[in-house]
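Results of the structural survey
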Amino acid sequence: MTPLKGIKVLDLSQEISGPFCSMQLSDSGAEVVKVEPIDGDWTRKLGEKIKGESSLFMALNRGKKSIALNLQEERGREIVRKLAKKADVLIEDFGPNKADEMGIGYARLSKDNPKLIYCAISPFGTVGPYADYAASELEIQGMAGYQWFLGETGGEPVRLGVDMVGTTSGIWSFIGILSALFNRKPSGKGQKIDSSQFLNMIMMYSYIITAHYNPDLPGGWHFTGPFDHQENGYKTQDRALMFGMPIDAEKAQKGWEEFCRKVGLDALLEDPYFKEKGMKMVGIGRDAQEFKPVIEPALESKTAAEIKAIVEGVGGYSAVFKTVEDILGEPQVAAVNMVQELDHPVAGRIQTIGIPWKLKDTPLKMQGPPPTLGQHTEEILETIGYDTKEISALKGSKVVA
Amino acid sequence: MLNGVRVIDAGGWGVGPIACCLLGALGADVIRFEPPKLDGLYHAGTMQGGAGTAYITAHFNERNIVLDLKKEEDREIALKIVATADVIIENHPPGTMTKLKFDYENVSKANPNIIYCASSSYGATGPLANSPSNDPLMQLASGFASLNGPPGSQGEMFRYVASVDFTTSLNIVQAVLLALMTRQATGRGQKVEMSQLEATLALETTRISEYFATGESPVPMGTANPNIVPSQSFRTYDNKYINVSIYREEYWSMLCKALALADLEKDPRFATNADRVKHREELIPILEEKFAVEPARWWIILLRRNGVPVGPINTVDEIYNDPHIRENKMIVKCNTMWGPALFSNFPLKFSDPPQPIKITGPVKPDKNRKEILAEISGKAGKSKGKR
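Conventions used here
- Residues numbered from 1 in each chain as written.
- Chains lettered and ligands numbered in written order.
- Predicted model: local features only at pLDDT ≥ 70, side-chain atom pairs only at ≥ 80, totals over all residues.
- Helix = DSSP H or I, 4+ residues; strand = E, 2+ residues; numbered from the N terminus.
- Buried ≥ 20, exposed ≤ 12 C-beta atoms within 10 Å, placed from the backbone.
- Contact = placed C-beta atoms within 7 Å.
- Nonpolar A, V, L, I, M, F, W, Y, C, P; charged D, E, K, R; others polar.
- Pairing = 2+ DSSP bridges.
- Axes fitted to C-alpha atoms, helices over the stretch in contact; angles between N-to-C directions.

A count of helical and extended segments in chain A gives 19 helices and 13 strands. By its C-alpha atoms, chain A is 90 × 50 × 40 Å across when sized along the principal axes. Residues classed as buried in chain A amount to 55% of the 401 residues present. Partitioning the intrachain contacts of chain A with sequence separation of at least 6 by distance along the chain shows that 70% fall at a separation of at least 24.

Our next topic: the interface of chain B and chain A. Facing 131 residues of chain B, the contacting portion of chain A comprises 124 residues. Looking at the side of chain B that touches chain A residue by residue, the classes come out as 70 nonpolar, 47 polar and 14 charged. As paired strands, strand β8 (residues 191-196) of chain A and strand β14 (residues 349-350) of chain B are joined by two bridges and run antiparallel to one another. Note that in β14(B) the partner of D194(A) across the bridge is K349(B).

The next point concerns the environment of L197(B). One can find L197(B) in helix α8 (residues 196-203). Between the C-alpha atom of L197(B) and that of S133(B), which follows or precedes it by 64 residues, the distance is 9.7 Å. Beyond its immediate stretch of four places on either side in the chain, L197(B) contacts Q332(A), V336(A), S121(B), Y122(B), G123(B), M138(B) and S142(B).

Residue and element names in this part refer to chain B. In space, the three strands of this open sheet follow the order β9-β10-β11, with antiparallel pairing throughout. Each end of this open sheet is capped by a strand with a single partner; those strands are β9 (231-235) and β11 (310-312). Taking each pair of neighbouring strands and ignoring which way they run, the sheet shows an average axis angle of 25°. Relative to β11, strand β10 (residues 241-245) runs antiparallel, the two being bridged by three bridges. Counterpart to N243 in the pairing with β11 is G311.

Turning next to the sheet that holds strand β1 (residues 8-11) of chain A. Pairing in this open sheet of seven strands is mixed, and the strands run β5(A)-β2(A)-β1(A)-β6(A)-β7(A)-β8(A)-β14(B) from one edge to the other. Looking at strand neighbours, the two that pair on one side only are β5 (64-68) of chain A together with β14 of chain B, the edges of this open sheet. Two strands pair when backbone bridges link them, and β1(A) and strand β2 (residues 31-36) of chain A are joined in this way by four bridges, in the parallel orientation. Paired with K8(A) across the bridge in β2(A) is E31(A).

Here it is in structure tokens:
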């Protein structure tokens, strides 16, 4: 028993949010049909390639079937309407009103299939002055305040390196779709869900919105964060690392003195000020940043692992700035099954990031590799009654591929 | 959406509680088990009216009862409440719930069809299963932080927005919904496990795909994008920055027209995104020079009128005053016992029921003791739950 066994998903979206969402629905047991333009999802052209196949596309589309359709053509849209009649869930990211203009919007499709759950993902949603603006990952990170917490105050901006807007909007959409599916059982009714990337990111900003409105004093993590320095850790012989002394005052004093002796900062302890306050001047925040030039030279002759061992030996905490290669090589990642392999028809054996949720009695399983473009076009058309002749006619006039 | 589902917030700090609040926003009845000394987040970080603002943020849409699970008497009350519930969520350090005799084995005796969601730092198995962590440390340990920062750096920690924590909360909501769907079909509950590490790796999937293709770790790129050119911040005449991304081919000619750079549009070095990625170093200085001659506001108005993806870099004040956020009622004010507080509203819009999902501010610890005790003793009727 997988949670979404028997649920049919029709995904008309491209890029990250929609495909990430429908990939997670596939991992949960749903049957996902991915409708791509004749020349493919735009991400097929992006990023690094494995035997000509985009690694970015493959990271977002496992376990789906692909049909290539020309939606500029009425005959292509008719195919979408037929597929939507049998679908439980439809995902699209055409932008506000676009699907309605094409005759494949919620109003039209729900007439034939009132149980349909229709999820529209867009940068800004359908309501409000920005509804028609174009924006991608970076613009939304900036507008939703995420760049305010990176880089030096007043310096060059920095973005979050992960595609946070893309992936988490996929997650939000998944949450909306599952809630609507859960609700459909008793109500018997489908519905439309609007998932706005910008609004999704504002929800995830809630700690900051509360902290900055009515604080007792201008202080504390969530208040001072935006005005702090770039937190790039302490340089060592190899990887940078972050560390701090124990929280308990007595342990911190002892730990600090021991740490100083072990890294060769004994001289600091001769100064009563640093002996007494130094433990609070390492780690994260402004004081630590200002004190860093004093500490850092002592660490540069040691590896991050050596310093981590010293810090943890005196009861403190630390973490190394791990690269992707570092973390994926950890036995912990293998233990929780977060790197898996799939056999792709063109790219061969590929690696993919695993499923984060572990349902103990009904474990989830990936349904297969990402599809090649139009790999299942014929098979899918047959399910809605097209015969071989009709299919080759559609191919001939480039309505399908 | 989740009317009739009862959720127990037996978590601490941000990860578990935020997940519970979001389930509450979706219509679930959430009861928080508050420890007698109150949660750690109550006493930490930015303060308002004597409480941590993060605690205020992390406990909207909840009812509250103070229970000391170390005391047998309170544990029994807690088990009686759990017997009326559908879901329980905890995110304490590994072993905590076992020591309290409140792990799945114990709780499922009181309620065999409970969905018990345990969220940890590194996952339920493996050499690091028992290691505690937190948002900033997990950013570093998961590789997340190695992707932020100026080019050539070893990475940068994202300051205090708790994106790893929040992402984990969202993953808990996903896992709970999956378990609820399963239970709707089978009638059976189960234990569900997840972790910050697993949630964060899934979040990194697009960048990790670079490693799977090349065998080399992806690196921080400032504001630039490995796959799309241009997509980065540009400095403007007034020393501000704007973000511009040509994330679809059709935007390139729109940008060139808006900037009145006809030669650029015809230049074969920049014809397609693939060409522009190849000739990034030649193209970016041309655009930098152009954007430097007018103020940020100028470019934002001009590019938006031309349909080009563009945006400012906002601070929290600008977000609060943003007309789009206002019109969507995305920030709501609630009166709490710690004074008026602002909350982010639930972002998804459902057509049925069509009304916006409301955030109600958190309540005073132990405020709902009487009514909850009455409910479990049958005086106020049983939970409508068990969907």
